[in-house]
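Examining the three-dimensional arrangement
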Amino acid sequence: MEHFVEPAVSVSDLHARRGSRKVLDALSLTIPAGLVVGLIGPSGSGKTTLMRAIVGVQVVQSGSVSVFGQPAGSASLRRRVGYVTQEASVYDDLTVRQNLDYFRAVLGAGRADVGRVLEATDLGPNAGQLTGSLSGGQRSRVSLAVALLGSPELLVLDEPTVGLDPVLRRDLWALFHRLAAGGTSLLVSSHVMDEAARCDRLLLMRGGEVLADDTPDGLLAATGTTDIEAAFLTLIEERE
Ligand SMILES: Nc1ncnc2c1ncn2[C@@H]1O[C@H](COP(=O)(O)OP(=O)(O)OP(=O)(O)O)[C@@H](O)[C@H]1O
């Protein structure tokens, strides 16, 4: 019997504007479950707008977005989807642990979850520190730790590695893959091409369109290139 695995996300013919600007134009894509999918594209290509549509906070003009078969933004998805925006969304006047305790209580997650997410994000040594006194990279890891509370099945992470040093970036990518190995689906945006190679699959975006939806190796083979940046440029040249 054929085993059908429901995709984490299905987007169909999506049109979205931000202000008067058309940002997503007839976008259709599928994000398979249990993988680290990279959403790669230059600044302004629509990555954040697509992520907002997936978590259900973006007003869209037409089209549909479903997450685990439910319309994006449905109440039933609240605990199943974690979202980290580019701006840290935690309280500066609380310690790291107090922030995590607060959001854990809001979510109804177990107390032991705080220790788990502190360890996963390597924030244990900072647990008692006021969040407002952390470095930019540490603060963004607090937001990530909050998103990990309750073990959501889909994590939507908007440029989670910005401002992190190479060691922390490597560790975070290792964490993403551990989460995926445990069945979590991850959509991770970046405009750093060298991060693309660390993804199981890539969605390359430009001007609100998906230029490619492939594995890193598939993309290199299809474009006859040896790195993702060259593949991206080849795809753009083919369009022009
Ligand atoms: N609140 C807003 N009002 C008007 N236009 C907006 C707004 N937010 C974003 N835009 C525009 O929508 C387009 C897509 O923005 P979006 O944030 O989705 O891109 P992005 O690929 O995530 O970029 P970045 O990598 O810089 O975060 C850009 O042209 C941007 O200027």
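Source: prediction; values computed, not measured. (Residues numbered from 1 in each chain as written. Predicted model: local features only at pLDDT ≥ 70, side-chain atom pairs only at ≥ 80, totals over all residues. Heavy atoms only, no water.)

1. Structural notes on the pairing of strand 9 (residues 201–206)
- Relative to strand 9, strand 3 (residues 36–40) is paired through 4 bridges, and the arrangement is parallel. Across the sheet, the residue bridging to Ile40 is Leu204, located in strand 9.
- Summarising the sheet, strand 9 and strand 10 (residues 209–214) pair through 5 bridges and their orientation is antiparallel. The residue bridging Met205 from the neighbouring strand is Val210, located in strand 10.
- Between the end of strand 9 and the start of strand 10, which pair antiparallel, lie 2 residues, with Gly207 showing a positive phi angle near 55 degrees. (Pairing = 2+ DSSP bridges. Helix = DSSP H or I, 4+ residues; strand = E, 2+ residues; numbered from the N terminus.)

2. Digging into the UniProt feature "domain: ABC transporter" (unreviewed entry) in the protein chain
- The positions UniProt marks with the feature "domain: ABC transporter" (unreviewed entry) are residues 9–232.
- Summarising residues 9–232: 34% helix, 27% strand, and an end-to-end C-alpha distance of 24 Å. (UniProt positions renumbered as here; feature names shortened; annotations may be inferred.)

3. What about the sheet that holds strand 4 (residues 62–67)?
- Across the sheet, which stays open at both edges, the 4 strands sit in the order 2-1-4-5 with antiparallel pairing between neighbours. Sheet topology places strand 2 (21–31) and strand 5 (70–71) at the edges, where each strand pairs with a single neighbour.
- Sheet analysis places strand 4 next to strand 5, joined by 2 bridges and oriented antiparallel. Across the sheet, Ser66 pairs through a bridge with Pro71, a residue of strand 5.
- Along the sheet, helix 1 (residues 47–55) contacts strand 1 (9–18), strand 2 and strand 4; its crossing angle with strand 1, the most-contacted strand, is approximately 120 degrees. (Contact = heavy atoms within 4.5 Å. Axes fitted to C-alpha atoms, helices over the stretch in contact; angles between N-to-C directions.)

4. Regarding the site of the ligand
- Within the structure, the ligand sits among 15 residues, and Ser43, Gly44, Lys47, Thr48 and Thr49 are positioned closest to it.
- Residue Gln86 places a side-chain N or O atom 2.9 Å away from an oxygen atom belonging to the ligand.
- Within the side chain of Glu159, a nitrogen or oxygen atom sits 3.2 Å from an oxygen atom of the ligand.
- For the shell around the ligand, the secondary structure elements donating two or more residues are strand 2 and helix 1.
- It is helix 1 that contributes the most residues to the shell around the ligand, 3 residues altogether. (Near = heavy atom within 4 Å. Polar contact = N/O pair within 3.5 Å; in protein donor to acceptor, adjacent residues only side chain to side chain.)

5. Let's talk about the packing of aromatic side chains
- Across all of its chains, the model carries 4 aromatic pairs by this definition.
- Each ring, one from Tyr102 and one from Phe103, has its centre 5.1 Å from the other, and the planes form 75 degrees; the classification is edge-to-face.
- Given a relative accessible area of 18%, Phe103 falls into the buried group.
- Consider the rings of Trp173 and Phe176, whose centres lie 5.2 Å apart with planes at 75 degrees: the pair is edge-to-face. Taken together, the residues span about one helical turn, with Trp173 and Phe176 both in helix 5 (residues 166–181) at a distance of 3 residues.
- The class of Trp173 is buried, set by a relative accessible area of 2%.
- By relative accessible area, Phe176 is classed as buried at 1%. (Phe/Tyr/Trp six-rings, centres within 6.5 Å; stacked < 30°, edge-to-face > 60°. Buried < 20%, exposed > 50% of the residue type's maximum accessible area, 1.4 Å probe, protein only.)

6. Structural notes on the sheet that holds strand 7 (residues 154–158)
- Pairing is mixed in the open sheet, where 6 strands are placed in the order 6-7-8-3-9-10. With partners counted over all chains shown, the strands left at the sheet margins are strand 6 (81–84) and strand 10, one partner each. Taken over all neighbouring pairs, the strand axes of this sheet differ in orientation by 15 degrees on average, direction set aside.
- Looking at chain direction, strand 6 and strand 7 are connected through 4 bridges and run parallel. Along strand 7, the bridge assignment pairs Val84 with Leu157.
- Docked against the sheet, helix 1 engages strand 3, strand 6, strand 7, strand 8 (185–190) and strand 9, running at close to 150 degrees with respect to strand 7.

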